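An overview of the molecular structure
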Amino acid sequence: MKNQMTFHVTGSSKGMQTVVSSKKHTITIDEPPVMGGQDTGPDPLTTLLSALAGCENVVANLVAKELNFDLQGIEFDIQGTIDTRGFMGDPNVKPYFQQVTIHAKVKTNESQERIEELQRITDSRCPVYTTLKAAGVRLQSTWTKA
(Lines give C-alpha, C1' and ligand atoms only; values in the text may rest on other atoms or scores of the structure.)
Protein backbone atom coordinates (compact mmCIF):
# COMPACT_ATOMS: atom_id res chain seq x y z
CA MET A 1 0.00 0.00 0.00
CA LYS A 2 1.33 3.42 -0.88
CA ASN A 3 0.41 5.05 2.47
CA GLN A 4 2.21 2.47 4.59
CA MET A 5 5.75 2.70 5.90
CA THR A 6 7.72 -0.26 7.18
CA PHE A 7 10.37 0.09 9.84
CA HIS A 8 13.00 -2.60 10.23
CA VAL A 9 15.89 -3.24 12.59
CA THR A 10 18.27 -6.12 13.09
CA GLY A 11 20.09 -6.81 16.31
CA SER A 12 22.64 -9.05 17.91
CA SER A 13 23.25 -9.54 21.57
CA LYS A 14 26.08 -10.34 23.92
CA GLY A 15 24.97 -10.68 27.52
CA MET A 16 22.72 -7.73 28.36
CA GLN A 17 24.02 -5.64 25.44
CA THR A 18 22.12 -5.47 22.16
CA VAL A 19 23.51 -3.73 19.10
CA VAL A 20 20.68 -2.75 16.77
CA SER A 21 21.09 -1.59 13.18
CA SER A 22 18.68 0.20 10.90
CA LYS A 23 19.90 1.22 7.48
CA LYS A 24 23.12 3.18 8.19
CA HIS A 25 22.51 3.74 11.92
CA THR A 26 23.56 1.69 14.93
CA ILE A 27 22.17 1.89 18.46
CA THR A 28 23.71 0.14 21.44
CA ILE A 29 21.26 -0.81 24.18
CA ASP A 30 22.62 -2.13 27.47
CA GLU A 31 21.99 -2.21 31.19
CA PRO A 32 24.08 -0.73 34.01
CA PRO A 33 26.32 -3.10 35.96
CA VAL A 34 23.76 -3.38 38.78
CA MET A 35 21.48 -5.11 36.23
CA GLY A 36 24.27 -7.27 34.80
CA GLY A 37 25.24 -5.05 31.88
CA GLN A 38 28.31 -3.03 30.97
CA ASP A 39 26.55 0.35 30.59
CA THR A 40 27.71 0.76 26.97
CA GLY A 41 24.41 2.39 26.01
CA PRO A 42 21.06 3.40 27.45
CA ASP A 43 18.75 0.70 28.76
CA PRO A 44 15.66 -0.32 26.74
CA LEU A 45 13.19 1.76 28.75
CA THR A 46 15.32 4.90 28.52
CA THR A 47 15.56 4.22 24.79
CA LEU A 48 11.75 4.08 24.63
CA LEU A 49 11.47 7.44 26.41
CA SER A 50 14.05 8.83 23.97
CA ALA A 51 11.95 7.55 21.09
CA LEU A 52 8.94 9.32 22.62
CA ALA A 53 10.84 12.64 22.71
CA GLY A 54 12.04 12.18 19.14
CA CYS A 55 8.62 11.18 17.85
CA GLU A 56 6.84 14.07 19.60
CA ASN A 57 9.39 16.46 18.11
CA VAL A 58 8.94 15.12 14.56
CA VAL A 59 5.14 15.22 14.77
CA ALA A 60 5.16 18.67 16.41
CA ASN A 61 7.26 20.04 13.55
CA LEU A 62 4.84 18.58 10.98
CA VAL A 63 1.82 19.92 12.86
CA ALA A 64 3.45 23.34 13.35
CA LYS A 65 3.76 23.70 9.57
CA GLU A 66 0.09 22.80 9.12
CA LEU A 67 -0.98 25.33 11.78
CA ASN A 68 1.43 28.03 10.63
CA PHE A 69 2.84 27.87 14.16
CA ASP A 70 6.13 29.59 14.97
CA LEU A 71 8.04 26.57 16.36
CA GLN A 72 11.68 27.38 17.10
CA GLY A 73 12.42 24.25 19.13
CA ILE A 74 11.27 22.07 22.01
CA GLU A 75 13.14 20.92 25.12
CA PHE A 76 11.75 17.69 26.56
CA ASP A 77 12.09 16.37 30.12
CA ILE A 78 10.47 12.92 30.23
CA GLN A 79 10.30 10.52 33.16
CA GLY A 80 8.80 7.04 33.30
CA THR A 81 7.89 5.05 36.40
CA ILE A 82 7.86 1.27 36.44
CA ASP A 83 7.20 -1.32 39.13
CA THR A 84 10.08 -3.77 38.62
CA ARG A 85 8.06 -6.66 40.06
CA GLY A 86 6.30 -6.92 36.69
CA PHE A 87 9.32 -7.71 34.55
CA MET A 88 10.74 -9.84 37.39
CA GLY A 89 7.78 -12.17 36.99
CA ASP A 90 4.94 -11.03 39.26
CA PRO A 91 1.83 -11.74 37.15
CA ASN A 92 -0.19 -9.17 39.12
CA VAL A 93 2.02 -6.23 38.07
CA LYS A 94 2.25 -4.70 34.58
CA PRO A 95 5.78 -5.20 33.20
CA TYR A 96 5.75 -1.79 31.51
CA PHE A 97 5.56 1.86 32.53
CA GLN A 98 2.77 2.68 34.96
CA GLN A 99 3.20 6.40 34.29
CA VAL A 100 5.11 8.67 31.95
CA THR A 101 5.42 12.39 32.66
CA ILE A 102 6.34 14.78 29.86
CA HIS A 103 7.40 18.37 30.42
CA ALA A 104 8.01 20.24 27.19
CA LYS A 105 9.31 23.78 26.93
CA VAL A 106 8.37 25.20 23.55
CA LYS A 107 10.53 27.92 22.02
CA THR A 108 8.01 30.14 20.25
CA ASN A 109 6.40 33.54 20.05
CA GLU A 110 2.96 31.89 20.13
CA SER A 111 0.43 32.10 23.00
CA GLN A 112 -0.05 29.37 25.61
CA GLU A 113 -3.40 28.59 23.98
CA ARG A 114 -1.66 27.90 20.65
CA ILE A 115 1.00 25.80 22.43
CA GLU A 116 -1.78 23.69 23.95
CA GLU A 117 -3.34 23.25 20.51
CA LEU A 118 0.02 22.12 19.12
CA GLN A 119 0.39 19.69 22.04
CA ARG A 120 -3.12 18.25 21.68
CA ILE A 121 -2.74 17.57 17.97
CA THR A 122 0.81 16.29 18.36
CA ASP A 123 -0.15 13.87 21.14
CA SER A 124 -3.09 12.56 19.10
CA ARG A 125 -0.86 11.84 16.06
CA CYS A 126 2.42 10.70 17.63
CA PRO A 127 2.81 6.92 17.09
CA VAL A 128 4.93 6.40 20.22
CA TYR A 129 2.65 8.50 22.46
CA THR A 130 -0.49 6.80 21.19
CA THR A 131 1.08 3.34 21.57
CA LEU A 132 1.82 4.06 25.23
CA LYS A 133 -1.68 5.44 25.68
CA ALA A 134 -3.24 2.35 24.08
CA ALA A 135 -1.25 0.17 26.51
CA GLY A 136 -2.93 1.94 29.40
CA VAL A 137 0.12 3.89 30.53
CA ARG A 138 -0.90 7.01 32.47
CA LEU A 139 0.47 9.94 30.48
CA GLN A 140 0.86 13.36 32.04
CA SER A 141 1.97 15.93 29.53
CA THR A 142 2.56 19.64 30.08
CA TRP A 143 3.78 21.94 27.35
CA THR A 144 4.68 25.50 28.28
CA LYS A 145 6.46 28.42 26.68
CA ALA A 146 10.23 28.34 27.11
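Residues numbered from 1 in each chain as written. Predicted model: local features only at pLDDT ≥ 70, side-chain atom pairs only at ≥ 80, totals over all residues. Heavy atoms only, no water.

1. Topic: a nonpolar patch on the surface
- Residues V34, M35, F87 and M88 make up a contiguous nonpolar surface patch of roughly 450 Å² in combined accessible area.
- Along the polypeptide, F87 turns up in the loop between β4 (71-81) and β5 (99-108).
- On the basis of relative accessible area, F87 is assigned to the partly exposed category, the value being 39%. (Patch = residues over 30% accessible without salt bridge, like charges linked within 9 Å, V, L, I, M, F, W, Y side chains within 5 Å. Areas by Shrake-Rupley, 256 points an atom, 1.4 Å probe, with all protein chains shown as cover. Salt bridge = Lys/Arg side-chain N within 4 Å of Asp/Glu carboxyl O. Helix = DSSP H or I, 4+ residues; strand = E, 2+ residues; numbered from the N terminus. Buried < 20%, exposed > 50% of the residue type's maximum accessible area, 1.4 Å probe, protein only.)

2. As for the nonpolar core
- Within the largest apolar cluster, 27 residues are counted, with the highest numbers of intra-cluster contacts made by L52, L71, V100 and W143.
- Those elements that provide at least two residues to this core are α1 (44-67), β4, β5, α2 (112-125), α3 (127-134) and β6 (138-145). (Core = buried A, V, L, I, M, F, W, Y, C linked by side-chain atoms within 4.5 Å.)

3. Here's the deal with the sheet that holds strand β3 (residues 25-29)
- Across the sheet, which stays open at both edges, the three strands sit in the order β1-β2-β3 with antiparallel pairing between neighbours. Both edges of this open sheet fall to β1 (10-14) and β3, since each of them pairs with a single strand only. Put simply, the sheet's adjacent strands are angled 20° from each other on average, direction ignored.
- Inspection of the sheet shows strand β2 (residues 17-22) paired to β3 by five bridges, in the antiparallel sense. In the strand pairing of β3, V20 is matched with I27. (Pairing = 2+ DSSP bridges. Axes fitted to C-alpha atoms, helices over the stretch in contact; angles between N-to-C directions.)

4. Looking at the domain arrangement of the chain
- You can read the domains of the chain as domain 1 (1-41) and domain 2 (44-145).
- Computed over C-alpha atoms only, the centres of domain 1 and domain 2 are separated by 21 Å. (Domains from an automatic or database assignment.)

5. Some points on the sheet that holds β5
- Spatially, three strands are ordered β4-β5-β6 in an open sheet, and the strand pairing comes out mixed. With one partner strand each, in any of the chains shown, β4 and β6 form the two edges of the open sheet. Strand-to-strand twist across the sheet, computed as the mean angle between neighbouring axes with direction ignored, equals 15°.
- Here β4 runs beside β5; their pairing, made up of 10 bridges, is antiparallel. Along β5, the bridge assignment pairs E75 with K105.
- Sheet strands in contact with α2 are β4, β5 and β6, and its direction is about 145° off that of β6. (Contact = heavy atoms within 4.5 Å.)

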